[in-house]
Amino acid sequence: MSRRDEVLDALLQSAPECVSGEALAGRLGVSRVAVAKHVAALRKAGYEIEASPGAGYRLVGTADLPMPDQVRPLVESDFWTRYVGVEETGSTNDDARILARAGAVEGTVVLAARQKAGRGRLGRTWSSPEGGIYLSCILRPKVPLPDVPSMGHAIAVGIAEAMHGFGVEVGLKWPNDVLIDGRKLAGILLETSAETDCVNWVVAGVGTNVHRSSHPPETAAFLSDSRPDLERAPVAAALLDGIAGAYERWCKGGFAAIREEYLSRFTLMGQEVAVSDASGRLLAAGVVVDVDDAGRLCVDTGSDVVGLYAGEVTLRRS
Ligand code: BTN
């Protein structure tokens, strides 16, 4: 933790009470002038900090930004070791891919408050206005390439756990859409670099709708509809804690290690579906009967049960 983060941590812990410059200086082992400089830097980053002569500093407001300054002090997991933040970017996945190619360590995360060119699965656009959380995680799992798709399920489980912590129960639609009442709260985009026998890196991009935007799509759900009191930084921190925990379980035991949790939230069991590939070609149609230990969607077509690693699921209502 940097000195500035330590000052922030102390202010967060004592809020809404004041903490004196002298106490902060003593706690951090720095001068009061240095404390004042860190407070000035925090104000610049969007924190509202009151200073009263004699009483000290009091944190009265945080900028509702999912940026490293706000998020890092709230993350409990020590999995995340490097935070990169850009209030506005094209796509955090693009930024993370550049970092991954340059050798960024596993546990690096790129955060943004809005994206100009957010990307979704199957070449779609991911609308990314102010109000959401856009984050991309650099992961380096030691698994063969065919195991990677089920990692997306682990990320989804991690998101579900984070939401559960806020009292919000979500459903999971295979492969890894996170839903509230059938509407999409969060989506996951995995992008991978691999050799024939090993994975170099995976960038796991997660877009989460928190506050409503001006013209939201009909199909979108927003966390603030259930929890209007939540700011984005604690939500982003909970997402990172949830993702780290589920990813670590998946690394140890594969999809089997998180399968039960995934299935407990799975929305497609027993549903009539059609599954197509990115170009719209039908891969299978029938009734969903399972998600197996490899994370494949198992569809009973009437003549056979087929296991699918990837695809787009459309519900077929009779
Ligand atoms: C989906 O289609 O459901 C996946 C959406 C993934 C969107 C996230 S937002 C953060 C990261 N950056 C991107 O450009 N896409 C992912």
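Here's a quick rundown of the structure. (Residues numbered from 1 in each chain as written. Predicted model: local features only at pLDDT ≥ 70, side-chain atom pairs only at ≥ 80, totals over all residues. Heavy atoms only, no water.)

**Brief notes about the nonpolar core**
Stage number 1. Counting residues in each nonpolar core, the largest one holds 70 residues, and the members touching the most others are Trp-80, Leu-135 and Ile-159.
Stage number 2. With twelve residues, helix H8 (residues 232–253) is the largest single contributor of residues to this core.
Stage number 3. Aside from chain neighbours lying at most four places away, what touches Leu-135 is Thr-92, Val-109, Val-110, Leu-111, Ala-204, Gly-205, Val-206, Leu-239, Leu-240 and Ile-243.
Stage number 4. If you look at the next biggest cluster of nonpolar residues, it comprises 15 residues, including Leu-8, Val-35, Leu-42 and Ile-49. (Core = buried A, V, L, I, M, F, W, Y, C linked by side-chain atoms within 4.5 Å. Buried < 20%, exposed > 50% of the residue type's maximum accessible area, 1.4 Å probe, protein only. Helix = DSSP H or I, 4+ residues; strand = E, 2+ residues; numbered from the N terminus. Contact = heavy atoms within 4.5 Å.)

**Structural notes on the site of the ligand**
Stage number 1. Every one of the 20 residues lining the ligand counts as a neighbour, but Ser-91, Gln-115, Arg-119, Arg-121 and Lys-184 are closest to it.
Stage number 2. Take Ser-91: an N or O atom from its side chain is 2.7 Å from an oxygen atom of the ligand.
Stage number 3. One of the backbone N or O atoms of Arg-119 is found 2.7 Å from a nitrogen atom in the ligand.
Stage number 4. When the free accessible area of the ligand is taken as 410 Å², the share hidden by the protein chains comes to 98%. (Near = heavy atom within 4 Å. Polar contact = N/O pair within 3.5 Å; in protein donor to acceptor, adjacent residues only side chain to side chain. Areas by Shrake-Rupley, 256 points an atom, 1.4 Å probe, with all protein chains shown as cover.)

**Here we look at the sheet that holds strand E7 (residues 177–180)**
Stage number 1. Spatially, seven strands are ordered E3-E4-E5-E9-E8-E7-E6 in an open sheet, and the strand pairing comes out mixed. Of all the strands in the sheet, the pair left with one neighbour each is strand E3 (82–89) and strand E6 (171–173). Here the average twist between neighbouring strands, direction ignored, is 20°.
Stage number 2. As paired elements, E6 and E7 share three bridges and run antiparallel to each other. By the bridge assignment, Lys-173 is partnered in E7 with Asp-177.
Stage number 3. Where helix H6 (residues 149–165) meets the sheet, it contacts strand E5 (132–139), E6, E7, strand E8 (183–194) and strand E9 (199–209), and its direction lies at approximately 145° from that of E8.
Stage number 4. The strands touched by H8 are E3, strand E4 (108–115), E5 and E9; relative to E5, the strand with the most contacts, the crossing angle is about 30°. (Pairing = 2+ DSSP bridges. Axes fitted to C-alpha atoms, helices over the stretch in contact; angles between N-to-C directions.)

**Some details on the layout of surface pockets**
Stage number 1. Reported here for the largest pocket is a volume of approximately 900 Å³.
Stage number 2. In terms of lining residues, the largest pocket is bounded by 47 residues, among which Trp-126, Lys-184, Gly-187, Asn-209 and Thr-219 are the most central.
Stage number 3. Those elements that place two or more of their residues in the lining of the largest pocket are helix H5 (92–101), E5, E7, E8, E9 and strand E14 (312–315).
Stage number 4. Here the lining of the largest pocket gets five residues from one element, more than from any other, and that element is E8.
Stage number 5. Residues that form the lining of the largest pocket fall into these classes: 14 nonpolar, 24 polar and nine charged.
Stage number 6. Empty space within the second largest pocket amounts to approximately 280 Å³.
Stage number 7. In this structure, the second largest pocket is lined by 14 residues; those nearest its centre are Arg-121, Pro-149, Asn-176, Leu-190 and Ala-310.
Stage number 8. Of all elements in the fold, only H6 and E8 reach the threshold of two or more residues within the lining of the second largest pocket. (1 Å grid on protein atoms, 1.4 Å probe; cavity = no way out; pocket = protein on both sides within 12 Å on 5 of 7 lines; lining within 4 Å. Points joined across faces, edges and corners; volume = space filled by probe spheres on them. Nonpolar A, V, L, I, M, F, W, Y, C, P; charged D, E, K, R; others polar.)

**Re the environment of Val-178**
Stage number 1. Mapped onto the fold, Val-178 is located in strand E7.
Stage number 2. Among the residues examined, Val-178 registers a relative accessible area of 0% and is labelled buried.
Stage number 3. On a C-alpha basis, the gap between Val-178 and Pro-234 in space is 19 Å, while along the polypeptide they are 56 residues apart.
Stage number 4. Once you skip the residues sitting within four places of it in the chain, Val-178 turns out to touch Ala-156, Ile-159, Val-170, Gly-171, Leu-172, Arg-183, Lys-184, Leu-185 and Ala-186.

**Digging into the sheet that holds strand E12 (residues 297–300)**
Through backbone hydrogen bonds, the strands of a sheet pair up, either in parallel or in antiparallel fashion.
Stage number 1. If you trace the five strands from one edge of the open sheet to the other, you get E13-E12-E11-E10-E14, paired in antiparallel fashion. In this open sheet, the two edge strands, each paired with only one partner strand, are strand E13 (305–308) and E14. Mean inter-strand twist for the sheet, computed between neighbouring axes without regard to direction, equals 45°.
Stage number 2. When strand E10 (residues 272–276) meets strand E11 (residues 282–291), the two strands line up antiparallel, connected through five bridges. In the strand pairing of E11, Val-275 is matched with Ala-284.

**Looking at the side chain of Thr-108**
Stage number 1. Within the secondary structure layout, Thr-108 lies in strand E4.
Stage number 2. Reaching out from Thr-108, the side chain makes a polar contact with the backbone oxygen of Val-105 at a distance of 2.7 Å.
Stage number 3. The residues contacting Thr-108, other than those within four sequence positions of it, are Trp-80, Arg-82, Val-84, Leu-99, Ser-136, Cys-137 and Ile-138.

**Here we look at the pattern of salt bridges**
Oppositely charged side chains may form a pair once their charged atoms are brought near each other.
Stage number 1. Enumeration according to the criterion identifies 24 salt bridges in this entry.
Stage number 2. Among the salt bridges present, the one from Arg-121 reaches Glu-312, with a minimum N-O distance of 3.3 Å. Of this pair, Arg-121 sits in the loop between E4 and E5 while Glu-312 sits in strand E14, and the two are 191 residues apart along the sequence. The pair formed by Arg-121 and Glu-312 is uniform in burial state, with each residue classed as buried.
Stage number 3. Taken together, the shared-partner salt bridges in this structure form one network comprising Asp-64, Glu-87, Glu-88, Arg-114, Lys-116, Glu-130 and Arg-232. (Salt bridge = Lys/Arg side-chain N within 4 Å of Asp/Glu carboxyl O.)

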